[in-house]
Amino acid sequence: MNDQNVPGASLGPIRCVTVPVTDLDAAARCYGEFLGFRTLARDAVPAELAQLWSAPAVAKREQLIMAPAASDDFVFRFVATDHATRFAPFSTWGWNAAEIIVRDVDALAGQLADSPFRVIGAPQNLSFSDDI
């Protein structure tokens, strides 16, 4: 939907990223232990939200809402799903990643080396280039 078609609507910062997961407990553990996220809620996806997404089958699925330790203006919403995806990085068109702002990306890469997370590219200083 184009925000020009909705009176008073405008685009702003991303406030939530929704991720389907097969194990909410594992998501809570990994994002808590290795990224310092904290759980804000664990409940069910409201029917109204599922309708807004045009995804009625998601209504009443269990969800986990987590926020970074140092911020309240962004959350990850993990939604329980029965099937795992076979997603491969850099194999599809479109947005298929979430970015997290950190103070020391090199230190985080070290922390994630012995974690359940899979690092798919070493930390790099970003600038305007085709490598981003």
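A brief report on the enclosed structure follows. (Residues numbered from 1 in each chain as written. Predicted model: local features only at pLDDT ≥ 70, side-chain atom pairs only at ≥ 80, totals over all residues. Heavy atoms only, no water.)

1. A few points about unusual backbone geometry
Applicable threshold: In DSSP terms, a helix is any run of H or I states spanning at least four residues, a strand is any run of E spanning at least two, and both are numbered starting from the N terminus. Relative accessibility under 20% of the residue-type maximum defines a buried residue, over 50% an exposed one, and the middle range a partly exposed one, all with a 1.4 Å probe and only protein chains included.
The phi angle at Ser54 is positive, at roughly 60°, despite the residue not being glycine. Residue position: Ser54 is located in the loop between helix H2 (47–52) and strand E3 (62–67). Ser54 gets classed as exposed once you look at its relative accessible area, which sits at 64%. In this model, Lys60 sits at a positive phi of 70°, which is unusual for a non-glycine residue. Following the sequence through the fold, Lys60 ends up in the loop between H2 and E3. Of the residues examined, Lys60 reaches a relative accessible area of 68% and is grouped as exposed.

2. Overview of the packing of aromatic side chains
Quick note on the threshold: By convention, a stacked pair of Phe, Tyr or Trp rings (six-membered ring in the case of Trp) has centres within 6.5 Å and planes under 30 degrees apart, an edge-to-face pair has planes over 60 apart, and any other such pair is tilted.
Summed over all chains, the structure comprises seven aromatic pairs. Through pairs of rings, three or more aromatic residues link up here, namely Tyr31, Phe37, Phe74, Phe76, Phe78 and Phe117.

3. Section: the nonpolar core
Applicable threshold: In this description, a nonpolar core means a group of buried Ala, Val, Leu, Ile, Met, Phe, Trp, Tyr and Cys residues linked to one another through side-chain atoms lying within 4.5 Å. Contact between two residues is taken to exist if any of their heavy atoms lie within 4.5 Å; hydrogens are not considered.
One finds Val21, Leu24, Ala27, Ala28, Tyr31, Phe37, Leu64, Met66, Phe74, Phe76, Phe78 and Ala80 forming the largest nonpolar core, which totals 12 residues. Of all the secondary structure elements, the ones that give two or more residues to this core are helix H1 (24–35), E3 and strand E4 (75–80). In terms of residue count, H1 provides more of this core than any other element does, four residues in total. Not counting the four nearest positions on each side in its chain, Ala80 is found in contact with Val21, Leu24, Arg61 and Glu62.

4. Comments concerning the state of the cysteines
Quick reminder of the rule: We call a pair of cysteine sulfur atoms a disulfide whenever their separation is within 2.5 Å.
Considering all chains together, one arrives at zero disulfides under this definition. Of all cysteine sulfurs, the one in Cys30 lies closest to Cys16, which takes part in no disulfide; the gap is 19 Å. The exposure class assigned to Cys30 is buried, which follows from its relative accessible area of 16%.

5. Focus on the pairing of E4
Quick note on the threshold: A pair of strands is treated as paired once DSSP finds two or more bridges between them.
A large share of E4 lies buried, amounting to six of its six residues. Across four bridges, E3 lies against E4 in antiparallel orientation. Note that in E4 the partner of Met66 across the bridge is Phe76.

6. Section: the environment of Gly32
Within the secondary structure layout, Gly32 lies in helix H1. For Gly32, a relative accessible area of 25% corresponds to the partly exposed category. Excluding residues that lie within four positions of it along the chain, Gly32 makes contacts with Ala27, Phe37 and Met66.

7. Quick word on the sheet that holds E3
Selection rule: The axes used here are C-alpha line fits, helices contributing only the stretch in contact, and every angle between their N-to-C directions lies in the interval 0 to 180 degrees.
Taken together, four strands build an open sheet; the order of strands is E1-E4-E3-E2 and the sheet is mixed. The open sheet is flanked by strand E1 (16–21) and strand E2 (38–44), the only strands paired with a single partner. Strand-to-strand twist of the sheet, defined as the mean angle between neighbouring strand axes without regard to direction, takes the value 20°. Judged from the six bridges that link them, E1 and E4 form a sheet pairing that is parallel. Within the sheet, the bridge partner assigned to Val21 lies in E4 and is Ala80. In this fold H1 packs onto E1, E2, E3 and E4, with an angle of close to 5° to the strand it touches most, E3.

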